[in-house]
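Structural overview
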Amino acid sequence: MRIVNYPPGSTYDSTHFERLIFIALAAAAFAAVLLVSPVSAAGQEPTTEESDQVFELNAPEILSYQLEGDEPLAVAQAETFVANDARNGILTDLESVNVAAIPDPFTDGNTIDLVWHNGTTPDGLFMARADGADGDAGGSTGAGFTISQIEEGTDSSLIVGGNGYGDATDASGAYLFDGRCAGLQFTPIYPRTSSSKFTMNSCWQKWAKSGTEYWIYNRHTQFTTLNPNNNDEKVTTAAVTKFVDFTIRSQPSRAVGDNNGNLEEFIDWAPSNAEVNCQQGTSFTIGVAGSSVSVPISQCDGLEPIAFVVPQQFGLDYDGSSQQNSMRLDAAGAYAADNSDVIPFWADYNWVELQECVLNGGCTSKIHSQWDGGWQN
Amino acid sequence: MTVIDRLRTDVQLDNEGGASAAPLCESQPTQELCASVKVGDIEQRYALYMAATPTADTVIYDPGGPGVSALSGTLTLQSVQERLPSEYNLLVLEEPWVTKEISENCSNSMSGYYSALREAEGIEAAALSIQVECALGQGMYGFTPERYREAVSMISESRNLQIKGFLGHSFGSVRLSYLDSTVPNIQPAWAIVTRPFPVGVEADELMQSRADVLRGVLPGEIASHEFAVEISSRSIPVTRFDQFSAFVGTGYVADAELDEVLSSISSVADPQLIGTLSDQLWMRYGVDALSPGVLAFWEETCDTMGQVTNPPEGISSVEDILFATASVCDSFDVASTVESGGTDVCVTSSVGDSVAPASLIGEVFDEAIVLSVDSRAHGDVIGWEDCWDEVVSDD
């Protein structure tokens with residue numbers, strides 16, 4: 001999703017900005033309708049351009065749907081989340097995980113689920129759905145969410161101690177200060193299995209160079225439409241899902257005023273030119289002050305790197321039409337903080353647009369909405 | 001852009017096409033390069049970082065464990081490869097537990113065991129339950145010597161690699177011992193292991209030796225009363241069990257922070273820190289769940305050091321914690337020491353290391369070059385470059 005790719009130091013393209021305002025107004029109108037009566041709204045007549053059915057929540061609205069920790073859905077979601085963490089060597093207490101279940105305005109009786117760690121907080125959520133032309137059984141979905149770090153991450157299990165006969169640390173390199181994930185799940189138009197939802201896992205790692213002001217911020221988001229290992233009962237095999245747009249962005253968090261100003265320099269980003277020499281199953285490396293972090297490349301085609309010195313933002317944008325079970329984007333940025341005592345916070349943006357097409361049913365739907373998550377303010 | 005080290009390595013040939021070629025890499029993503037090979041019935045995941053200049057010469061990197069999720073990104077494997085003083089590919093095998101499904105009965109038995117430890121009740125029966133419910137000892141979670149050998153052999157063959165060297169940390173010494181000379185083309189010419197696990201030492205001697213080293217750094221007085229502190233973001237209270245566990249966990253704490261951490265544990269000034277150190281030692285997550293990584297830890301360490309003679313029935317000292325870490329090993333036999341004949345070995349040791357005691361390293365690695373280092377923290381790999389100069393010959 002290309003939103004406000006403005007060059008450093010300039011203001012927004014006015015045409016683009018007006019369009020955003022228009023869409024924001026349209027979004028607000030539809031969101032209002034949907035919030036009042038999601039079922040009837042979801043059953044509206046097929047759309048025309050700029051009239052996707054949309055649904056947007058700000059931070060307080062998301063938090064109003066947060067489940068109590070002992071509710072079954074919260075426990076189930078949180079347990080899956082922490083079990084996944086454990087496989088990655090991250091030990092997360094169930095009390096550190098938050099779950100919100102938001103009534104899905106597009107599919108009656110389902111929920112849009114958001115899971116996140118303590119120390120971070122969701123800032124915004126946006127969903128859009130569009131039908132195809134007359135007679136087209138397919139449809140498109142746009143989904144985005146933003147999340148910010150709000151604590152230094154002292155409950156991370158990645159620092160301090162260890163176990164067993166391992167835990168090699170390398171003083172000459174960067175060390176992992178903290179790392180978390182957040183997950184978004186929602187029901188497809190055509191579910192492949194009886195229980196599966198589309199899942200978007202957005203993860204970050206903060207790497208510190210010991211004793212210096214240098215940091216590497218590493219991001220990846222994986223969107224999974226179908227897990228090949230999921231043996232649930234198949235509902236339909238006639239639908240295919242295509243990735244049309246997939247974007248990740250990161251920048252210093254604005255949720256915590258002091259820390260926003262504490263990243264003095266945006267030094268480098270990667271990948272810087274995704275198309276050149278990109279080879280799936282390889283890696284790129286970003287380094288600062290003699291330390292480096294390597295990142296796997298799992299997607300090459302259709303990528304455009306994102307980097308803006310102001311507001312110190314990096315990311316990666318996929319545009320195309322690709323049918324695959326999952327897509328993953330990786331990007332990283334190198335920063336200098338004001339001094340070696342500063343622990344900077346970042347914020348993350350995720351956006352995906354998917355087209356679900358039914359065999360012999362046409363494939364014309366498109367999401368027209370754009371969502372910037374408030375990052376341009 | 002003045003301080004930047006632009007270390008981009010854009011082309012890292014991976015003949016198998018990386019993630020897309022290996023279903024297990026796609027369904028459970030890694031933060032490192034990921035490929036896989038079938039070893040028997042099991043898909044073995046691994047990362048292979050190729051040298052910038054194409055070569056078949058390869059170093060196996062084993063970060064120790066067991067219980068380490070080697071492809072999770074925390075080890076920055078490409079950085080390890082790039083820091084090798086000369087051009088080698090780097091091969092890293094992932095422990096089987098990372099992708100192994102765990103049955104509910106097995107999970108429950110681990111939780112039951114953890115609760116038994118915390119409550120000092122029924123530890124022996126709970127440990128036995130894990131052996132049964134999780135089918136411990138069949139090499140499903142950790143490596144067996146055969147599986148490790150076979151995996152290295154198959155990967156070497158399919159990727160046209162020549163195993164020249166071995167770089168390991170701690171339990172990496174046990175993996176090195178798996179690469180014996182009975183299988184052609186996988187025994188490295190040289191090996192470096194920082195803070196090696198003393199292969200062949202029995203559990204009783206290892207735990208007592210660890211306790212002796214730990215006693216040397218602990219404060220003289222440790223509170224003997226029971227306590228329970230509730231803290232937010234933790235499902236269970238911090239208790240004396242966690243305090244003793246945390247003291248054992250100081251074996252991994254960086255030297256610069258050790259005094260402050262020890263003082264904080266003693267006074268219970270920072271219960272959050274105590275909880276974190278304890279949870280890391282036992283690999284607790286969720287509420288009372290233990291990471292499947294701990295199954296690998298038990299399976300492989302029990303196979304290596306055998307059982308302890310008298311597993312503790314309660315926890316009232318750091319010794320109890322140390323011996324309790326082996327309480328699941330009942331009826332396991334110590335593996336015989338495998339001679340790594342033909343491999344030039346250099347190891348590091350520190351008299352302050354309470355995880356891999358220097359006295360035992362000196363006994364076990366009597367034919368190796370042993371470099372003494374000052375740093376006490378077990379995770380410190382300092383000295384590996386000096387070892388490199390000792391044993392690696394780039395011919």
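Residues numbered from 1 in each chain as written. Chains lettered and ligands numbered in written order. Predicted model: local features only at pLDDT ≥ 70, side-chain atom pairs only at ≥ 80, totals over all residues. Heavy atoms only, no water.

This brings us to the overall build of chain B. Of the regular secondary structure elements, chain B holds 14 helices and twelve strands. Looking at the 395 residues of chain B, the share that counts as buried comes to 62%. Within chain B, contacts between residues at least 6 apart in sequence are counted, and of these 75% link residues at least 24 apart. Within the structure as shown, chain B displays about 14,700 Å² of accessible surface, and the carbon and sulfur contribution to it stands at 47%. (Helix = DSSP H or I, 4+ residues; strand = E, 2+ residues; numbered from the N terminus. Buried < 20%, exposed > 50% of the residue type's maximum accessible area, 1.4 Å probe, protein only. Contact = heavy atoms within 4.5 Å. Areas by Shrake-Rupley, 256 points an atom, 1.4 Å probe, with all protein chains shown as cover.)

Of the regular secondary structure elements, chain A holds five helices and 16 strands. In chain A, once contacts between residues fewer than 6 apart in sequence are set aside, the share between residues at least 24 apart is 73%. Surface exposure of chain A reaches about 13,900 Å², of which carbon and sulfur atoms provide 50%.

This brings us to the domain arrangement of chain B. Residue and element names in this part refer to chain B. You can read the domains of chain B as domain 1 (3-99 + 142-199 + 340-391) and domain 2 (104-139 + 201-329). A combined buried area of about 2,200 Å² lies between domain 1 and domain 2, and 60% of that area is made up of carbon and sulfur atoms. Taken as a group, Trp97, Ser354 and Arg376 account for 27% of the area that domain 1 buries against domain 2, more than any other trio of residues on that side. Taken together, the connections running from domain 1 to domain 2 amount to one salt bridge. (Domains from an automatic or database assignment. Buried area = accessible area lost by both parts, 1.4 Å probe. Salt bridge = Lys/Arg side-chain N within 4 Å of Asp/Glu carboxyl O.)

All names here are of chain B. Scored by pLDDT, chain B has a mean of 88; 92% of the residues are at 70 or more. Confidence drops under pLDDT 50 across residues 1-20; counting only partners more than four residues distant or on other chains, this segment forms 60 contacts. Across the assembled chains, the prediction reports ipTM 0.87 with pTM 0.84. (pLDDT = per-residue confidence, 0-100.)

The subject of this paragraph is the packing of aromatic side chains. All names here are of chain B. This model, assessed by the stated rule, comprises 30 aromatic pairs over all chains. Look at Tyr88 and Trp190: their rings are 5.9 Å apart centre to centre, the planes differ by 70°, and that puts the pair in the edge-to-face class. Taken together, the positions of Tyr88 in the loop between helix H2 (77-83) and strand S4 (89-93) and Trp190 in strand S6 (residues 190-194) put the pair 102 residues apart, joining distant regions of the chain. Residue Tyr88 is classed as buried on the basis of its relative accessible area, which comes to 5%. For the ring pair Phe143 and Tyr148, a centre distance of 4.9 Å and an interplane angle of 80° mean the geometry is edge-to-face. Of the two residues, Phe143 and Tyr148, both sit in the buried class. (Phe/Tyr/Trp six-rings, centres within 6.5 Å; stacked < 30°, edge-to-face > 60°.)

Here we come to the state of the cysteines. Residue and element names in this part refer to chain A. The full count for this structure, using the stated rule, is six disulfides over all chains. Sulfur-sulfur distance for the disulfide between Cys357 and Cys363 comes to 1.8 Å. On the basis of relative accessible area, Cys363 is assigned to the partly exposed category, the value being 33%. Take the cysteines of chain B that form disulfides and number them in order along the sequence; they join up as 1-2, 3-4, 5-6, 7-8. (Disulfide = S-S within 2.5 Å.)

Here we take up the sheet that holds strand S5 (residues 162-169) of chain B. Residues and elements named next belong to chain B. The strand order across the open sheet built from eight strands is S1-S2-S4-S3-S5-S6-S11-S12, with neighbouring strands paired in mixed fashion. Lying at the two open borders of the sheet, with one neighbouring strand each, are strand S1 (35-39) and strand S12 (369-372). Adjacent strand axes in the sheet meet at a mean angle of 25° when their direction is disregarded. Across four bridges, the pairing between strand S2 (residues 42-49) and S4 is antiparallel. The residue bridging Leu48 from the neighbouring strand is Leu91, located in S4. Contacting S1, S2, strand S3 (57-62), S4 and S5, helix H5 (residues 145-158) runs over the sheet at an angle of about 120° to S1. Most of the contacts of helix H14 (residues 384-391) go to S6, to which it runs at about 160°, and overall it touches S5, S6, strand S11 (344-349) and S12. (Pairing = 2+ DSSP bridges. Axes fitted to C-alpha atoms, helices over the stretch in contact; angles between N-to-C directions.)

Quick look at the pattern of salt bridges now. Any two side chains of opposite charge can pair, on the condition that their charged atoms come close. As enumerated under the stated definition, the model contains 17 salt bridges over all chains in all. Ionic pairing is found between Asp242(B) and Arg234(B), a salt bridge with its closest N-O pair at 3.3 Å. Both residues of the pair, Asp242(B) and Arg234(B), belong to the buried class. Taken together, the shared-partner salt bridges connect Asp93(A), Arg118(B), Arg234(B), Asp242(B), Asp279(B) and Arg284(B) into one network.

Attention now moves to a negative patch on the surface. A cluster of acidic side chains, namely Glu385(B), Asp386(B), Asp389(B) and Glu390(B), defines a negative patch on the protein surface. If you trace the backbone, Glu385(B) turns up in helix H14. (Patch = residues over 30% accessible without salt bridge, like charges linked within 9 Å, V, L, I, M, F, W, Y side chains within 5 Å. Lys, Arg positive; Asp, Glu negative; His and termini not counted. Charge placed at Lys NZ, Arg CZ, Asp CG, Glu CD.)

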